[in-house]
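# Chains, contacts and geometry: an overview
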Amino acid sequence: MSNTNFLDTYKELNSGQLTNSPKTVLQAYLGAFEAKDALAIQQLIGDRALIEMPLLKPNRLFGASEIFTGHQNAFRSIENAEFTFPEPIAENDSAAIAIGVLTIKRKNGVQDNHEVGVVAEMRDLALHRISLYLNSRNIRRLSDETIV
Amino acid sequence: MKAIEAFEAYCDAWAKHDHVALAELFTEDGVFEASTLDAPVKGQKDLKSQLRIISNSHSNIETETRIAIETEKGAYIEGTYKANIVGAGGKIDGSPVRADFRYVATIEMQNGKISRLAEIYDSHPFYAEERQRVFAMNRRSPYWQGTVDAKCMEWSVYNNMFFPMVYSRAPYEDYAALMEGVTLWDVGLERQTQLKGPDALKFLDYLSSRDMSAMGSGDCRYALICDEAGLVLCDPVVLMPEEDLVWLSHGNTDLTLWARGIVLNSDWYVEVSEPDVAPLQVQGPDSIHVMNALCATPLDDLKNYKCTITEVAGQRTVVSRTGWSGGFGYEIYPYGSENAMALWNAILEAGKPFGIKVTGPIVHRAIERGVTDTDYYSGSNMNALEEVASHLVDLDKESDFIGKEALKKISEEGVKRHSVGLFIDGEVPRLEWHWPLRGGDGTEGIVRWAVHSFALDRSIGIAIVDVSIKVGDRVEVDHPGGTVSAEVTTIPFAPRGS
């Protein structure tokens, strides 16, 4: 069960109700991801940020256009995505880290749980990168299969 | 100690290969989890064992901490780990096989020690993108799916059957499993030449350079089979599960065809065939526990080079105390392959408490013990007196055997080559084809096997050389990485159990 409604954070950040800290930006990204909103992610991330997710092809997305297209392609096959973090997101001045589980249910009915670690790094008050670390051994057999 | 400080000590201990210091950073029941481990490692004993295996699998370890943030329970870390994989022999272009990855980690502390450290990373660097492609002109063993599920990456071909060789693990992990735990190896490619009938034993004795006349039901022997010129055809393990029934469990040679040709139009009262018997090897010190969990009768009294007929996981099977590891273990020969995967899965299930690993041939250990394979002989035009097991040639045995006259002549004239061990300077690439060797006086030889020895922490090899090259001599070896020096030594390199 998710311990934070990330979509609310996204909305609050978008409406200016929250300040732009690594933790709130990370929460907003997670909320937009769970909402499968590629445009929201693009607007959140900005033009000079990097998003990395193994098992996504390509697994490094740089800049607004790639970030939008990459997420849009991924969301086409997802029925539902949920991040669950048993412990609070940790934060310092320039970064936030969350560790938990990512549950992906695809439109073909297949559901997988992956241990996940998410890192958000800021530079000069702007989001610089989001990196997702996934333990996907349960589906990474002998092919470079994507999870999304 | 605080979490971030503990993590710095953890990274420092990795760089120094100090698995004891690593383990001692944890509490008594501390837990280590990582994305390439099958299960969490818990407690000091298992921590020391598993961290040693990982540490010994890698060299030139470098770590970097990119982000470290304290949490209520300890810390979250983002970092990198970079290392060479030991004993992998390098890539085709000569570059080392690497274990490089980025990770996030969570650390939980208790009384200044790590109670839990979990690393999450993409395991992609450790697995092939796709298994080796194969062709339908060769056979698959009945355990094929089991080997694919266990992430076999590379196969060779042996007796016209795919031979699972390399799995997605560092070589030391397999070595440690063989030396300290238990391994399961698909050797369905070890075909049996079956001799059945009143002349089975006499015909066996005629095929083999070794005196086999005293073999009885339940016996196993290692033997050499030669052609009429005394050249080695293969080196089977011979089993006699029942009276008038012999199985020659042979290497990469069509021994059945050879034997059938000899029997054809002869007076031998023996039937030669290849039965549907696909063996497995269960090897390592814990193999007896796995086997006793599955066998109808306990195997504690089954002595080395003996066999018995029993049931394994409810399947009628011959079990022998033999194997290719140069150590303790069993070979399982089920009568028929129709329930092969049921047997495979039963062994894996019984092996779970012991951390059983599906492996290929653990060549590093075999070479340490001086164990070679059929190709060592048959691929080098070797006569039986030139090879490592030349003591299996019994020129004094009363009965005739194929190649006896030729070998007598060779013995009288003097053997021209012999097999020696080598300590090879530096690291060796993976031996894909044999390497030329030169003695001090220009005499030539050929390196047939070369690996990194984990027991000795150096490169070793087995070579066929001119008989003038002796133990203690230095020779030159040409391998893909260049010309290196080597010292001639005896075989085996390491005693049993070392």
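Rules used throughout
- Residues numbered from 1 in each chain as written.
- Chains lettered and ligands numbered in written order.
- Predicted model: local features only at pLDDT ≥ 70, side-chain atom pairs only at ≥ 80, totals over all residues.
- Heavy atoms only, no water.
- Helix = DSSP H or I, 4+ residues; strand = E, 2+ residues; numbered from the N terminus.
- Rg over C-alpha atoms; globule rule 2.2 N^0.38 Å.
- Buried < 20%, exposed > 50% of the residue type's maximum accessible area, 1.4 Å probe, protein only.
- Contact = heavy atoms within 4.5 Å.
- Areas by Shrake-Rupley, 256 points an atom, 1.4 Å probe, with all protein chains shown as cover.
- Axes fitted to C-alpha atoms, helices over the stretch in contact; angles between N-to-C directions.
- Parallel < 35°, antiparallel > 145°, perpendicular 65-115°, else oblique.
- Left-handed = near helix turned anticlockwise from the far one by under 90°.
- Nonpolar A, V, L, I, M, F, W, Y, C, P; charged D, E, K, R; others polar.
- Salt bridge = Lys/Arg side-chain N within 4 Å of Asp/Glu carboxyl O.
- Polar contact = N/O pair within 3.5 Å; in protein donor to acceptor, adjacent residues only side chain to side chain.
- Core = buried A, V, L, I, M, F, W, Y, C linked by side-chain atoms within 4.5 Å.
- Disulfide = S-S within 2.5 Å.
- Pairing = 2+ DSSP bridges.
- Domains from an automatic or database assignment.
- Buried area = accessible area lost by both parts, 1.4 Å probe.

A few words on the overall build of chain B. Within chain B, the secondary structure is distributed over twelve helices and 27 strands. Against the compact-globule benchmark of 23 Å for 498 residues, chain B has a radius of gyration of 25 Å, which places it among compact chains. The principal-axis extents of the C-alpha atoms in chain B amount to approximately 85 × 60 × 40 Å. For chain B, with 498 residues in total, the buried portion stands at 55%. Long-range contacts, defined as pairs at least 24 residues apart, comprise 63% of the intrachain contacts of chain B with a sequence gap of at least 6. For chain B, the accessible area works out to roughly 21,000 Å², and carbon and sulfur atoms hold 48% of it.

Moving on, we come to the packing of helix H3 (residues 44–57) of chain B against helix H5 (residues 171–180) of chain B. All names here are of chain B. In the contact formed by H3 and H5, the axes pass within 9 Å of each other and the chain directions differ by 140 degrees. Taken together, the axes of H3 and H5 lie oblique to each other. Note that H3 runs across H5; the crossing there is right-handed. Residues Ser49, Arg52, Ile53, Asn56 and Ser57 of H3 lie in contact with H5, whose contacting residues are Tyr172, Glu173, Ala176 and Glu180. Tallied by class, the residues present in the contact of H3 with H5 amount to three nonpolar, three polar and three charged.

So, about the environment of Tyr305 of chain B. Residue and element names in this part refer to chain B. Tracing the chain through its elements places Tyr305 in the loop between helix H8 (287–294) and strand E18 (307–312). A relative accessible area of 28% means that Tyr305 is categorised as partly exposed. Taking C-alpha positions, Tyr305 is 54 Å from Ala3, a pair spaced 302 residues apart along the chain. Those residues in contact with Tyr305 that lie beyond four places of it in its chain are Asp219, Cys220, Arg221, Tyr222, Val237, Arg321 and Thr322.

The next point concerns the interface of chain A and chain B. Counting residues at the interface gives 28 residues for chain A, matched by 34 residues for chain B. At the surface where chain A touches chain B, the tally comes to three salt bridges. Here Glu78 of chain B and Arg129 of chain A are joined by a salt bridge, their closest N and O atoms 2.7 Å apart. In this assembly, chain A and chain B are joined by seven residue pairs in polar contact (both at pLDDT 80 or more).

What follows concerns the nonpolar core. All names here are of chain A. By size, the foremost hydrophobic cluster in this structure holds 36 residues, and its most contacted members are Tyr29, Ile45, Phe83, Val118 and Ile130. Those elements giving two or more residues to this core turn out to be helix H2 (22–34), helix H3 (38–45), helix H4 (63–76), strand E3 (78–84), strand E5 (95–106), strand E6 (111–123) and strand E7 (126–135). For this core, the element with the most residues is H2, which contributes seven residues.

Residues and elements named next belong to chain B. As for its placement among the helices and strands, Thr256 is situated in helix H7 (residues 255–263). Separated by 2.8 Å, the side chains of Thr256 and Thr193 make a polar contact. Setting aside residues no more than four positions away along its own chain, Thr256 makes contact with Gln192, Thr193, His250, Val272, Ser273 and Glu274.

Once that is clear, we can look at the pattern of salt bridges. Close approach of charged atoms lets side chains of opposite charge pair. All names here are of chain B. This structure, assessed with the given rule, holds 27 salt bridges over all chains. Put simply, Asp174 and Arg169 hold a salt bridge, and the shortest N to O gap is 2.5 Å. Here Asp174 falls in the buried class, since its relative accessible area comes to 10%. Note on Arg169: relative accessible area 23%, which makes it partly exposed. A salt bridge links Glu368 to Arg365, with the shortest nitrogen-to-oxygen separation between them at 2.7 Å. Residue Glu368 and its partner Arg365 are located together in helix H10 (residues 363–368), separated by three residues, close to a single helical turn. Classification of Arg365 as buried rests on a relative accessible area of 2%.

Residue and element names in this part refer to chain B. Tallied over the entire structure, the rule returns zero disulfides over all chains. Here Cys220 is not cross-linked by a disulfide; its sulfur's nearest cysteine counterpart is in Cys307, at 4.0 Å. Here Cys234 is not disulfide-linked; the sulfur of Cys226 is the nearest cysteine sulfur, at 9.1 Å. The exposure class of Cys234 is buried, given its relative accessible area of 0%.

The subject of this paragraph is the environment of Arg448 of chain B. Residues and elements named next belong to chain B. Looking at where Arg448 falls in the secondary structure, it is placed in strand E24 (residues 444–453). Arg448 sits in the buried class, given a relative accessible area of 6%. Placed 369 residues apart in sequence, Arg448 and Gly79 show a C-alpha to C-alpha distance of 42 Å. Beyond its immediate chain neighbours, meaning those up to four positions away, Arg448 contacts Asp375, Tyr376, Gly379, Ser380, Leu431, His434, Ile462, Ala463 and Ile464. Only 3.4 Å separates the side chain of Arg448 from the side chain of His434, close enough to count as a polar contact.

All right, on to the sheet that holds strand E9 (residues 183–186) of chain B then. Sheet strands associate in pairs through backbone hydrogen bonding, adopting either a parallel or an antiparallel arrangement. Residues and elements named next belong to chain B. Reading across from one edge, E18-E19-E20-E17-E9-E21 is the order of the six strands in this open sheet, with mixed pairing throughout. Either end of the sheet is taken by a strand with one partner, and the two such strands are E18 and strand E21 (357–359). Within this sheet the neighbouring strands show an average axis-to-axis angle of 30 degrees, counted without direction. In this sheet, strand E20 (residues 329–334) lies alongside strand E19 (residues 315–320) in antiparallel orientation, the contact comprising four bridges. Bridge pairing in E20 places Ser320 opposite Glu331. Contacting E9, strand E17 (280–283) and E21, H5 crosses the sheet at an angle of about 115 degrees to E21.

Let's shift gears to the domain arrangement of chain B. All names here are of chain B. Domain boundaries in chain B define domain 1 (3–126), domain 2 (144–190 + 277–365), domain 3 (192–273) and domain 4 (416–498). Taken together, the contacts link five residues of domain 1 with six residues of domain 4. When domain 1 packs against domain 4, the two sides together hide about 370 Å² of surface, and 62% of this comes from carbon and sulfur. Three residues stand out in domain 1 for area buried against domain 4, namely Val86, Gly87 and Gly89, and they jointly supply 68% of the buried area on that side. Across the contact surface, domain 1 and domain 4 share zero salt bridges. Along the contact surface separating domain 1 from domain 4 lie one residue pair in polar contact (both at pLDDT 80 or more). Looking at the side of domain 1 that touches domain 4 residue by residue, the class counts come to three nonpolar, two polar and no charged.

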